[in-house]
Amino acid sequence: MKFDRSLLSGSTRLLVLALLAEGDCYGYQIIRTLARRSEEVFAFQEGTLYPVLHKLEQDGCVRSYEKESEGRRRRYYTLTGRGRKQLEEEKAQWRAFQWAVDRVIGGEAYGLA
């Protein structure tokens, strides 16, 4: 099923923060993990991901560092304390949004129709 890209735009930060909460990652690793876990629904291009990572870094939510991996120098991203707080806030917002959408699209199940 094809998805409207606008559905994804508001959740990109949440997805990236959630992955980084599991451990440090480099950019391509984030792209592949999101695609694999979402069965290719979240198929980001580098031009989508890196501006998000740079903004998160500017906001103090992530920190980057370079490290040798598989014979290559890679830039890894790690979640900061501020990033963990931001993740919790964004999860709460997502749950409230999801609840509200479910109430609207499933109105009959809630006796609201």
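Up top is the structure these notes are about.
Calculation notes
Residues numbered from 1 in each chain as written. Predicted model: local features only at pLDDT ≥ 70, side-chain atom pairs only at ≥ 80, totals over all residues. Heavy atoms only, no water. Helix = DSSP H or I, 4+ residues; strand = E, 2+ residues; numbered from the N terminus. Buried < 20%, exposed > 50% of the residue type's maximum accessible area, 1.4 Å probe, protein only. Contact = heavy atoms within 4.5 Å. Areas by Shrake-Rupley, 256 points an atom, 1.4 Å probe, with all protein chains shown as cover. Pairing = 2+ DSSP bridges. Axes fitted to C-alpha atoms, helices over the stretch in contact; angles between N-to-C directions. Parallel < 35°, antiparallel > 145°, perpendicular 65-115°, else oblique. Left-handed = near helix turned anticlockwise from the far one by under 90°. Nonpolar A, V, L, I, M, F, W, Y, C, P; charged D, E, K, R; others polar. Expected span 1.5 Å × (residues − 1).

### Here's the deal with the overall build of the protein
Part 1 of the argument: Each helix and strand in the protein was counted, giving five helices and three strands.
Part 2 of the argument: For the protein, the residues scored as buried account for 35% of the 113 residues in total.
Part 3 of the argument: Contacts spanning at least 24 positions in sequence make up 47% of the contacts within the protein whose residues lie at least 6 apart.
Part 4 of the argument: Total accessible area on the protein stands at roughly 7700 Å², and carbon and sulfur atoms take up 51% of it.

### Quick look at the pairing of strand β3 (residues 72–79)
Part 1 of the argument: Two elements, strand β1 (residues 25–26) and β3, share two bridges in a ladder whose sense is antiparallel. Residue cysteine 25 lies in a different strand from β3, and its bridge partner there is tyrosine 77.
Part 2 of the argument: As paired strands, strand β2 (residues 62–69) and β3 are joined by eight bridges and run antiparallel to one another. Looking at β3, one finds that glutamate 66 is bridged to arginine 75.

### Some details on the packing of helix α2 (residues 12–22) against helix α5 (residues 81–105)
Part 1 of the argument: Interhelical geometry of α2 versus α5 gives an angle of 130° and a closest axis separation of 9 Å. Taken together, the axes of α2 and α5 lie oblique to each other. Viewed along their axes, α2 and α5 form a crossing whose handedness is left-handed. Counting all contacts with α2, which are made through Arg13, Leu14, Leu17, Ala18 and Ala21, the residues of α5 involved are Gly83, Arg84, Gln86, Leu87, Glu90, Lys91 and Trp94.

### A few points about the packing of α2 against helix α3 (residues 27–37)
Part 1 of the argument: Where α2 meets α3, the closest approach of the two axes is 11 Å, and the angle between their N-to-C directions is 105°. Considering the angle they form, α2 stands roughly perpendicular to α3. In this structure, α2 uses Leu15, Val16, Leu19, Leu20 and Glu22 to contact α3, whose residues at the interface are Ile30, Thr33, Leu34 and Arg37.
Part 2 of the argument: Each residue belonging to the contact of α2 with α3 can be placed in one class, and the counts come to six nonpolar, one polar and two charged.

### A short note on helix α4 (residues 46–58)
Part 1 of the argument: For α4, which comprises 13 residues, the first-to-last C-alpha distance of 18 Å matches the rise-based estimate of 18 Å (1.5 Å per residue) to within 8%.
Part 2 of the argument: Buried-residue contacts for α4 involve α2, α3, β2 and β3.
Part 3 of the argument: Looking one or two residues beyond α4, the residue adopting positive phi is glycine 60, at roughly 80°.

### Thoughts on the sheet that holds β3
Part 1 of the argument: Read across the open sheet, the three strands follow the order β1-β3-β2; overall the sheet is antiparallel. Looking at strand neighbours, the two that pair on one side only are β1 and β2, the edges of this open sheet.
Part 2 of the argument: The sheet strands contacting α2 are β1, β2 and β3, and the helix crosses β3 at an angle near 100°.

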